[in-house]
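The residues making up each chain are set out below.
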Amino acid sequence: MTLTTYIREIPKAELHIHIEGSLEPELMFEIAERNRVVLPFSCVDEVRKAYNFTDLQSFLTIYYQGMMVLQKERDFFDLTLAYLKKAHTDGVRHVEIFFDPQGHTERGIAFETVISGIHAALQGGEQRFGITSRLIMCFLRHLSPESAMTTLNCALPFRKWITAVGLDSSEKGNPPAKFATVFDRARAEGLLSVAHAGEEGPPDYIWQALDLLGAARIDHGVRCVEDSRLVERLRTGHVPLTVCPLSNIKLRVFPTLGEHNLKHMLDMGLCVTVNSDDPAYFGGYLVDNFQAVQEALNLDRNAIRTLAENSFRASFLTKKEKRGYLEELDRFCLSKG
Ligand code: ADE
Ligand code: ZN
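Note that residues are indexed from 1 along each chain, following the sequence as it is written. Here chains are named by letter from A upward and ligands by number from 1 upward, in the order in which they appear as written. For a predicted model such as this one, the threshold for reporting local features is a pLDDT of at least 70, and the threshold for listing and counting side-chain atom pairs is 80 or more; totals across whole chains, interfaces and linings nevertheless cover every residue. Hydrogens and waters are ignored; side-chain quantities use all the structure's heavy atoms.

## Some details on the packing of aromatic side chains
Classification of ring pairs uses Phe, Tyr and Trp, with its six-membered ring standing for Trp, and accepts pairs whose centres are within 6.5 Å; under 30 degrees between planes counts as stacked, over 60 as edge-to-face, and the remaining range as tilted. Following the criterion strictly, the structure yields 15 aromatic pairs and no others. Between the aromatic rings of F158 and W161, the centroid separation amounts to 5.6 Å while the plane-to-plane angle is 35°, which identifies the pairing as tilted. The buried label goes to any residue with under 20% of its type's maximum accessible area, the exposed label to any with over 50%, and the partly exposed label to all in between, with areas taken from a 1.4 Å probe on protein chains only. Given a relative accessible area of 13%, F158 falls into the buried group. Assessed through its relative accessible area of 22%, W161 is described here as partly exposed. Taken together through their ring pairs, the aromatic side chains of Y51, F53, F59, Y63, Y64, Y281 and F282 make up a single cluster. To sit over a ring, a charge needs its Lys NZ or Arg CZ within 6 Å of the ring centre and within 35 degrees of the ring normal. In this structure, R217 packs its charged tip against the face of F316, placed 4.1 Å from the ring centre. Above the plane of the ring of Y6 lies R301, whose end atom (NZ or CZ) is 4.9 Å from the centre.

## As for the pairing of strand β5 (residues 192-197)
Among the six residues in β5, five count as buried, and that is most of the element. Each pair of strands is called paired provided DSSP finds at least two bridges between the two strands. Strands are runs of DSSP state E lasting at least two residues, helices are runs of H or I lasting at least four, and both sets are numbered from the N terminus onward. Across two bridges, strand β4 (residues 164-168) lies against β5 in parallel orientation. Paired with A164 across the bridge in β5 is L192. A clockwise course of the path from the first strand over the helix to the second, judged with the strands pointing away from the viewer, identifies a crossover as right-handed. For the crossover that starts at β4, traverses helix α9 (residues 180-188) and ends in the parallel β5, the hand is right-handed. Pairing of β5 with strand β6 (residues 217-220) involves four bridges; the strand directions are parallel. Across the sheet, H196 pairs through a bridge with D219, a residue of β6. After leaving β5, the chain enters helix α10 (residues 203-213) and then returns to the sheet as β6, a path that is right-handed.

## Section: the coordination of the zinc ion (ligand 2)
For the zinc ion (ligand 2), the full set of protein donor atoms is H16 (NE2), H18 (NE2), H196 (NE2) and D277 (OD), at a range of 2.0 to 2.2 Å. With water excluded from the atoms, a metal site may look incomplete; its donors are any N, O or S atoms within 2.8 Å, or within 3.2 Å for Na, K and Ca. Square planar and octahedral assignments, for four and six donors respectively, both demand that opposite donors be over 155 degrees apart and that all other angles lie between 65 and 115; tetrahedral needs four donors with all angles between 85 and 135 degrees, and anything else is irregular. With four donor atoms in place around the zinc ion (ligand 2) and angles of 83 to 174° between them, the coordination shape is irregular. Counting the intervening residues between successive donors of the zinc ion (ligand 2) yields the motif H-x1-H-x177-H-x80-D. Residue H16 is found in strand β1 (residues 12-18), and its partner D277 is found in the loop between β8 (272-274) and α14 (279-282); the two are separated by 261 residues along the sequence. No difference in accessibility class separates H16 from D277, as the two residues are buried.

Next up, the structure:
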């Protein structure tokens with residue numbers, strides 16, 4: 001079996017995917033047409049050409065614009081099911097999906113519309129593809145903590161569909177500390193927590209995510225290497241990092257994939273996972289990310305296996321579910337590896 005096939009077929013989980021970031025231009029046009037939304041682009045190619053980013057903020061502006069076509073429950077359903085179909089062809093067995101309710105409620109779409117569409121597709125995805133899932137509700141950190149608290153209150157009637165809260169959007173100037181109270185409240189409701197930190201922001205934001213938000217995982221976290229005490233905390237505390245290689249190149253966190261620190265972090269004993277972040281915008285889904293990083297950093301089968309294993313260990317699955325997937329992974333590696 002070639003390494004390419006091995007990467008595609010190895011059982012794995014994806015833990016860092018913004019569902020709105022999986023909106024392909026083709027589906028964007030289809031939904032815009034049926035909702036009678038006029039896009040500032042004349043064709044799919046023109047949209048793709050606009051996906052040239054210089055940093056996180058330059059991407060976020062386009063990302064919030066793109067999601068404006070999503071208005072009906074059916075739109076959120078179609079978006080989520082399209083992602084799951086792709087994930088299935090990538091050998092993904094389990095997904096933990098972020099959604100950004102404030103990106104929708106701020107423009108008058110009801111919270112219930114958003115979550116009902118996503119939830120129904122996740123259930124359908126489990127029936128059709130056997131892909132298990134968890135849902136993570138993110139707060140937009142460029143908005144106020146009061147807006148985050150209002151969002152949490154809107155979410156509570158749907159508490160059973162949500163596993164964790166997260167924190168995303170413009171990192172610089174919006175430290176995790178700003179959201180300590182709303183995360184306390186979410187955790188009091190029994191929700192787990194994760195946070196984007198150390199993507200563009202400093203290592204101190206990772207400390208804050210751990211100490212003030214109780215983050216069980218750090219999304220991105222690549223700037224942890226600038227603080228050796230922090231690396232030790234992440235390593236001994238087994239705090240997973242959900243790293244997104246192609247995203248980091250498109251948003252210029254690293255100049256090239258060859259200079260990405262993923263392998264260095266693995267070698268230091270950190271629980272690193274590979275993820276796609278916003279695949280429709282960054283030029284690749286999960287397998288594309290694995291493939292690109294394997295080639296750029298010359299990862300061998302053992303490293304690929306470790307990354308796949310980490311993805312299940314770092315997930316919010318139950319112990320029993322994790323054991324099931326890890327056994328499936330063992331069987332795969334024994335026969336193909
Ligand atoms: N929202 C969607 N993608 C994001 C990223 N890479 N960082 C922060 N917020 C995001
Ligand atoms: Zn992200």
